[in-house]
Structures are given as structure tokens and as C-alpha cells.
Amino acid sequence: MIKRRYLHTIFFAIFDGISGGFSWALFFSYRKYIIESDKFGYQIPVELDKNFYYALIFIPIYWVLLYFLAGQYKDVWRKSRINEISKTFTITVIGVILLFFALLLDDEVKSYQSYYKSILALFALNFGFTIFFRLVSASYIKAKLRAKKIGFNTIVVGNNQKSLQLVNELLFDGSTQGNIFKGYVSMGDGGKEHALHSLLTYLGDYQNLPELIDKYEIEEVIIGIESSKHTEINSVTNILEDQQVVLKIIPDLYDLMSGQVRMNNVIGAALIEINHDSMPQWQKVVKRSLDLLVSFLVLLLAMPVFVLIGLAVKLGSNGPIFYKQIRIGFKGKPFHIYKFRTMIEDSELSGPKLSSKNDNRITPVGKWLRKYRLDEIPQFFNVLVGEMSLVGPRPERKFFIDQIVLVAPHYKHLHRVKPGITSWGQVKFGYAENVEQMVERLKFDILYIENRSIAIDLRILIYTVLTVLQGKGR
């Protein structure tokens, strides 16, 4: 089904491009027949010059790119037709204004009122064609979802009366949310004895969820437990931290009153979707662009500094200039992190050990490098190749992660984003010398993930630069 979803996404983009090109062609004629003819007092013929054909290439690409940056091609099977109208309206307004200043401001016009007519005409044409194709496409997908020809493989967690009521509603009350249930798991004993077993296949205990997600290609997990039962919900979400699935929870009355439940479907169950992806698509593009630009400039311009540091490391103690170590990164994947060596060679012969303030393994040159965090400079290469970002939770070794999750199972939440050269946790707390300090620093990193934005990244970078200039690193 993933391939079919990608295909539908491509169709959405193609229709957006066609709408943009067709609306611009009609608008081109409108400018000649109405705007320019009104200006010169006689009928201006429509001549399809090279600028017209250039625009037919540029304009569709422009609109598709704009919709992509706005996140319009993210999971097209979950689109709401009501939301689609409002979002398309907003993006079209922004897109038309940008086109006006880029292409239309120097038009030959009779008066300023002609500009208003041009903007309204371009908006009406582009919005009209775009929303028509989008609503047709969305209605087609909704029909497929309703007929269960496409959908999201789903597992229900819970075997109580709430989960039974929920499944009945999703299965038999005309819902178009597209859930294809593969079974349910229980929070304890008695899973097979519950009435839910008559509707769905019993798949075992909730602790088996990671294996079941891989086996059945699960895309959505519905936690059939009221949101007020925090202990049970935390147990499930901690297991699913590094799983790429959509999580939904049954709301209680407080959730409904506090506005946490958003109504995207008039027909269907009301559920709270746990969404950890707080950064809009356009900010993700900007963030990656900044990563590439800054990393390239640092690696290029700091080459003389690299040479001097390399000589200092080599002459200061025996061993290689660079130090590489396996860390756990985005989606739990291991990668090699690079640093200038700051410790004596074979400093961990007795096993992994965190550095401390008065660690005798740190070389004299290493102490100076750590004070100004210059040992981290080679990690800009990790950023350049996409393994890290400028800002993100600091990556850790599996040895210490295994210890941290025993105390704080939600540590795996950090793997939802790329690790960074600097982080909010590092700015607020500094380097950790033991597992307890790692857990303490964890709350800052989770706070960053839940609120990350370009503005926060820039603030963290500024504080990091100040720390480096003041020599407050350790």
C-alpha cells in the first residue's frame, strides 16, 4: 500500500502543476484582453512569446514547490476535504502575492485598480482549478478508504469496554478513517477472554508491539485506554518511541473540554493523535539548507585551523589526530561520529567510561580543545553527509543508552530527530559525567523536540557561540 500512496502523492503534485500552468495560461490571456487593452485603449492581441512558454515551465514548478514546503504532500490518504479548502486558500493567497511582486508589479496598467483585478483574477483561477482537482482526488481516496480497498494497517491496544466500543464505532458506524485492523493486544492477562476477541484477532501482550508492527506492516496504533490513565499509556508509548507509526488515544471529557481533540471527520470516532512532528515542512527544508551551507563554509574556511589543531594534537601526545566512535542517531541507526582526539590513546581499555572534570585521561591539548569545544569541529562532516544536524540532541553510545532506558524509557524519543553538534540540553546543562546527569539533561532535549523551530535553533546556536567564545565548555 505504501507504493500506492506514493503514486497518489505524485498524482496530487501533477494535478497541482497542471492547475498552476492552466490558470497561468488563462491569466496571460486575461492580462492581454483586459488589463493591457484597458491601458492602451485598443485590443491587444495575444502573442505566445518565449516568456509565456518559460512561465508554463516555471509556474507549475513554483506551485508544486510551494505546496511541498507547506506540507501539502504529506500523507495524502489522511487529507480532510474541509481542511484542504482552508489550507489551499491560505497557500494560494501567499503564492499569488509572491508572484505579483516577482512578475506582475512592472505590468503596464491604467491605474492601481488594475493590480487589484490582476491579483483577484490570478487567485480565482489558480484556487478554482487547484481545489477542484484536489477535492476530486480526495473524494476518490475517501471512497477507496470507505470500501477498504486502501487503508492503514492498525493494531488496537486494550481489551476493555472502551476499546470494544471504539472498534465497533470504527468498524460499523460508517467511518472513513481507513483503519484495516490486524488485531489487538492486551495490557495484561485475559486478552482472549474479552468480548473484543469476537471482533479482532488476539495478537498477544502489548510488549510484543515492535515485532507485530514489523510482521503486519502496521502504520497506526490506537490505544484503547482513556488518556487519564497515564501509567498504562506511558508504558505503550515508551515501547513505540522508535517505531514509525501514528499513535492515537481515546479522549476523556477533560480532553474534549480543553480543546485537545480536533474534528477532522464529521463521521467517525474522535481520537487524540500523538504528533511529535512539531516542525513545519518548510522549516525542515530551511534547517537542512542551513546545515549544508554552514557545514560547507566551516569545513572550507576553517581548513587552516584544522591543520593547526591537527599538529597540536599529534605533537601533544601519541595517537591519531582524529577520533571516531559509533553513536546511535536518527531512527536508532548507528553511525561514526568524528572528533579531534582529546584523550590519551587506548583510554577505554577497561570499557566505556564518561569523561569528568578532572579526568586524567584528557591530554593538555585536549583540555584546551574541550574548553572551546574545538574538538567538535570534525562533526560538521557528519552534518554535511546528513548523519547529524547543527542543532539536535547529542548522540550517545549504545552502552550508555541501555543504562539510561532502564531509568528513563522515554530516552528513545530522542531518536525521532537527527542528533546535533549542539543541543538545548548541552546549552542548559553542559556535558554529562554520569548516567544520572544524562537523565537530568534529557528533559531539555525532549522539550526541544516538542517545540523545535528555526527560531529556537538560532537561539541555541547563538548561546553555543557565546559559550565557545567565553571558553565555558568542559
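This report concerns the structure included in the present document. (Residues numbered from 1 in each chain as written. Predicted model: local features only at pLDDT ≥ 70, side-chain atom pairs only at ≥ 80, totals over all residues. Heavy atoms only, no water.)

### A closer look at the overall build of the protein
In terms of regular secondary structure, the protein is built from 16 helices and ten strands. By the burial criterion, 47% of the 474 residues in the protein qualify as buried. Contacts in the protein between residues far apart in sequence, at least 24 positions, make up 73% of those at least 6 positions apart. Total accessible area on the protein stands at roughly 24,800 Å², and carbon and sulfur atoms take up 62% of it. (Helix = DSSP H or I, 4+ residues; strand = E, 2+ residues; numbered from the N terminus. Buried < 20%, exposed > 50% of the residue type's maximum accessible area, 1.4 Å probe, protein only. Contact = heavy atoms within 4.5 Å. Areas by Shrake-Rupley, 256 points an atom, 1.4 Å probe, with all protein chains shown as cover.)

### A word on helix α6 (residues 209-216)
Within the sequence span of α6, burial applies to L209, P210, L212 and I213. Seen from one end, α6 has its buried residues packed into an arc of 165°, which puts them on one side. With respect to the buried face of α6, the exposed residues turned more than 90 degrees away are E211, D214 and K215. Just downstream of α6, E217 is the residue with a positive phi angle, here 50°. (Arc of directions from axis to C-beta.)

### A few points about the packing of helix α3 (residues 81-104) against helix α4 (residues 112-146)
It is at 9 Å that the axes of α3 and α4 come closest, and there the two elements cross at 145°. Crossing angle aside, the handedness with which α3 passes α4 is right-handed. (Axes fitted to C-alpha atoms, helices over the stretch in contact; angles between N-to-C directions. Left-handed = near helix turned anticlockwise from the far one by under 90°.)

### Some thoughts on the pattern of salt bridges
Tallying each qualifying case throughout the model produces 13 salt bridges. Salt bridges linked by common partners bring R5, D75, R78, E219, E220 and K248 together as one network. (Salt bridge = Lys/Arg side-chain N within 4 Å of Asp/Glu carboxyl O.)

### Regarding the pairing of strand β8 (residues 334-340)
Two strands pair when backbone bridges link them, and strand β7 (residues 322-328) and β8 are joined in this way by seven bridges, in the antiparallel orientation. Each bridged residue has a counterpart across the sheet, and for Q325 the counterpart in β8 is I337. (Pairing = 2+ DSSP bridges.)

### Focus: the packing of aromatic side chains
Here the structure, examined in full by the defined rule, presents 23 aromatic pairs. Ring centres of F27 and Y30 lie 6.2 Å apart, and the angle between their planes is 25°; on these two criteria the pair is classed as stacked. Remark: Y30 and F27 occur in helix α1 (residues 2-40); sequence separation between them is three residues, near one turn of the helix. Relative to Y53, the ring of F52 lies with its centre 5.3 Å away and its plane at 80°, an arrangement referred to as edge-to-face. With relative accessibility at 7%, the residue F52 sits in the buried group. (Phe/Tyr/Trp six-rings, centres within 6.5 Å; stacked < 30°, edge-to-face > 60°.)

### With respect to helix α16 (residues 454-470)
For α16, with 17 residues, the first-to-last C-alpha span of 24 Å sits near the 24 Å given by 1.5 Å per residue. Within α16 the residues assigned to the buried category are I454, I456, D457, I460, T464 and T467. The arc enclosing the buried residues of α16, seen along the axis, measures out at 155°, which places them on a common side. Opposite the packed face of α16, turned more than 90 degrees from it, sit the exposed residues A455, R459, I462 and L469. (Expected span 1.5 Å × (residues − 1).)

### Quick notes on the environment of Q244
With respect to the helices and strands, Q244 occurs in the loop between α7 (230-239) and β5 (246-250). On the basis of relative accessibility, which here comes to 53%, the residue Q244 falls in the exposed class.

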